[in-house]
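Fold and geometry: a report
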Amino acid sequence: IDRQTPAGASDELPRHIAVHSAMTFLYFLLFAALFIFGMQEVLQHYILRRMLSKKGMLPFRLVAFLDYAASELNFLQKVGGGYIFLHRYLLEYFAEIEDDTLEPQP
């Protein structure tokens, strides 16, 4: 069947549709790459933090809590991107606590 196009019409997609389709595809590729190469770990991290927070086992604003423990309570010392216990006995005490004695708060 011989297909005829109206006068002034083209067989090509309009430019804005082609650009939109290409950008959508690139965004999809970017999201897929982020998910495959790291986004999954980030999502798991926040989901785990949320679950532990809901059970009362960990404050959701963990960095603020650790900064408070380091600056105000003097239990911890901030070293680089992490924290260390200032008192060896405190470290050993927390290391010896059995899991069944830790009860989540309501």
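First, a word on scope: everything that follows refers to the structure included in this document. (Residues numbered from 1 in each chain as written. Predicted model: local features only at pLDDT ≥ 70, side-chain atom pairs only at ≥ 80, totals over all residues. Heavy atoms only, no water.)

Let us look at the overall build of the protein chain. The secondary structure content of the protein chain amounts to three helices and two strands. Shown N-terminal to C-terminal, the secondary structure of the protein chain runs as helices and strands in the order α-α-β-β-α. In the protein chain, which comprises 106 residues, the share counted as buried stands at 5%. In the protein chain, the proportion of contacts linking residues at least 24 apart, taken out of those at least 6 apart, comes to 12%. Approximately 9800 Å² of the protein chain is accessible, and the part contributed by carbon and sulfur atoms is 63%. (Helix = DSSP H or I, 4+ residues; strand = E, 2+ residues; numbered from the N terminus. Buried < 20%, exposed > 50% of the residue type's maximum accessible area, 1.4 Å probe, protein only. Contact = heavy atoms within 4.5 Å. Areas by Shrake-Rupley, 256 points an atom, 1.4 Å probe, with all protein chains shown as cover.)

Throughout the structure, instances matching the rule amount to two aromatic pairs. Positioned over the ring face of phenylalanine 60 is arginine 49, at 4.9 Å from the centre of the ring. Looking at arginine 50, its charged tip hangs above the ring of phenylalanine 60, at a distance of 6.0 Å from the centre. (Phe/Tyr/Trp six-rings, centres within 6.5 Å; stacked < 30°, edge-to-face > 60°. Lys NZ or Arg CZ within 6 Å of the ring centre and 35° of its normal.)

Next up on the list: the pairing of strand β2 (residues 82–85). Relative to β2, strand β1 (residues 76–79) is paired through four bridges, and the arrangement is antiparallel. Its bridge partner lying in β2, leucine 76 is registered against phenylalanine 85. Counting the residues that bridge the hairpin from β1 to β2 gives two residues, and of these glycine 80 lies at a positive phi of roughly 65°. (Pairing = 2+ DSSP bridges.)

Among the surface-exposed residues, Val19, Met23, Phe25, Leu26, Tyr27, Phe28, Leu29, Leu30 and Leu34 lie close enough to one another that they form a single nonpolar patch of about 910 Å² accessible area. Of note, valine 19 is situated in helix α1 (residues 15–54). (Patch = residues over 30% accessible without salt bridge, like charges linked within 9 Å, V, L, I, M, F, W, Y side chains within 5 Å. Salt bridge = Lys/Arg side-chain N within 4 Å of Asp/Glu carboxyl O.)

Tallied over the full model, the rule gives two salt bridges. A salt bridge links arginine 88 to glutamate 92; the shortest N-O distance between them is 3.3 Å. Of this pair, arginine 88 and glutamate 92 are both found in helix α3 (residues 88–96), four residues apart, which corresponds to roughly one turn of the helix. Under the relative-accessibility criterion, arginine 88 is labelled exposed at 56%.

Okay, unusual backbone geometry next. With a phi angle near 55°, asparagine 74 is a residue other than glycine that sits in the positive phi range. With respect to the helices and strands, asparagine 74 occurs in the loop between α2 (62–71) and β1. Using a relative accessible area of 43% as the deciding quantity, one classes asparagine 74 as partly exposed.

Before going further, it helps to examine the side chain of arginine 49. Position of arginine 49 among the secondary structure elements: in helix α1. Although buried, arginine 49 forms no salt bridge, and the nearest oppositely charged side chain, aspartate 67, lies 11 Å from it. A distance of 2.3 Å separates a polar side-chain atom of arginine 49 from the backbone oxygen of phenylalanine 60. In this view, arginine 49 contacts Phe60, Arg61 and Leu62; residues no more than four positions away in its chain are not counted. (Lys, Arg positive; Asp, Glu negative; His and termini not counted. Polar contact = N/O pair within 3.5 Å; in protein donor to acceptor, adjacent residues only side chain to side chain.)

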